[in-house]
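Survey of secondary and tertiary structure
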Amino acid sequence: QAQLVESGGGLVQAGGSLRLSCAAYGSIYSINSMGWFRPAPGKQRELVASITGGAVTNYADSVKGRFTISRDKNTAYLQMNSLKPEDTAVYYCTAHVDAVVAGPKNYWGRGTQVTVSS
């Protein structure tokens, strides 16, 4: 079994920066991909950014050039610069984890609130 714990959300003015962290805990063999999602109109959640075990990254068009995802072993980071009010959301971390008992499956964190004031 594994658990994802997010941190780093908060309130920031437009144009500011925040750095989110997502740490995976538990008896883990390996983690394939990690990523961040947020709610979007008409969708349950939309992909913000993802990173594979080989450090291949993918970004939503709306955040390209402003957000950067990185990873250090079992922790993923989302550096968010030039934040806009429309970036306000609860950000959820997800990871595809191969855990010792549960085997490979997707896990989700509880989410961290990001609020950008205009």
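Before going into details, it helps to say that this report is about the structure given with it. (Residues numbered from 1 in each chain as written. Predicted model: local features only at pLDDT ≥ 70, side-chain atom pairs only at ≥ 80, totals over all residues. Heavy atoms only, no water.)

Scanning the protein chain from terminus to terminus reveals zero helices and eleven strands. Reading the protein chain from its N terminus to its C terminus gives the helix and strand order β-β-β-β-β-β-β-β-β-β-β. Over its C-alpha atoms the protein chain spans a radius of gyration of 14 Å, differing by no more than 12% from the 13 Å that the globule rule assigns to 118 residues. Each principal axis of the C-alpha atoms in the protein chain carries an extent, and together these give about 45 × 25 × 25 Å. The buried share among the 118 residues of the protein chain stands at 42%. (Helix = DSSP H or I, 4+ residues; strand = E, 2+ residues; numbered from the N terminus. Rg over C-alpha atoms; globule rule 2.2 N^0.38 Å. Buried < 20%, exposed > 50% of the residue type's maximum accessible area, 1.4 Å probe, protein only.)

We now examine the state of the cysteines. In a disulfide, the sulfur atoms of two cysteines are held together by a covalent bond. Evaluated as defined, the whole model comprises one disulfide. Two residues share a disulfide in this structure: Cys22 and Cys93, whose sulfurs sit 1.9 Å from each other. Taking the sign of the torsion about the S-S bond as the criterion, the disulfide between Cys22 and Cys93, at about -80°, is left-handed. Placement of the pair is Cys22 in strand S3 (residues 18–26) and Cys93 in strand S9 (residues 89–99), with a sequence separation of 71 residues. With respect to burial, Cys22 and Cys93 carry one shared label: buried. (Disulfide = S-S within 2.5 Å.)

Notably, Lys73 is not glycine yet its phi reads approximately 55°, a positive angle. Mapped onto the secondary structure, Lys73 falls in the loop between strand S7 (67–72) and strand S8 (75–80).

Our next topic: the sheet that holds S8. Strand pairing in a sheet is mediated by backbone hydrogen bonds. Such pairs are either parallel or antiparallel. Spatial ordering of the open sheet is given by S1-S3-S8-S7, a layout of four strands whose pairing is antiparallel. Only two strands of the sheet have a single neighbouring strand rather than two, namely strand S1 (2–7) and S7. Strand-to-strand twist of the sheet, defined as the mean angle between neighbouring strand axes without regard to direction, takes the value 15°. Two elements, S7 and S8, share six bridges in a ladder whose sense is antiparallel. Residue pairing for S8: Phe67 is matched across the bridge by Met80. (Pairing = 2+ DSSP bridges. Axes fitted to C-alpha atoms, helices over the stretch in contact; angles between N-to-C directions.)

Let us look at the pairing of strand S4 (residues 28–40). Pairing geometry for S4 and S9, over seven bridges, is antiparallel. The partner of Met34 across the bridge, within S9, is Ala95. Two strands pair when backbone bridges link them, and S4 and strand S5 (residues 43–51) are joined in this way by six bridges, in the antiparallel orientation. The partner of Met34 across the bridge, within S5, is Ile51.

Another aspect to go through is the pattern of salt bridges. Close approach of charged atoms allows side chains of opposite charge to pair. The tally for this structure, following the rule as stated, stands at four salt bridges. Between Lys64 and Asp61 there is a salt bridge; the shortest N-O distance is 3.1 Å. A residue is classified by how much of its surface remains accessible, and Lys64, at 49% relative accessible area, is partly exposed. Here Arg66 ties to Asp87 by a salt bridge, and the two come within 2.7 Å at their closest N and O atoms. Linking Arg66 in the loop between strand S6 (57–59) and S7 with Asp87 in the loop between S8 and S9, this pair joins segments that are 21 residues apart in sequence. According to the relative accessible area criterion, Asp87 is buried, its value standing at 1%. (Salt bridge = Lys/Arg side-chain N within 4 Å of Asp/Glu carboxyl O.)

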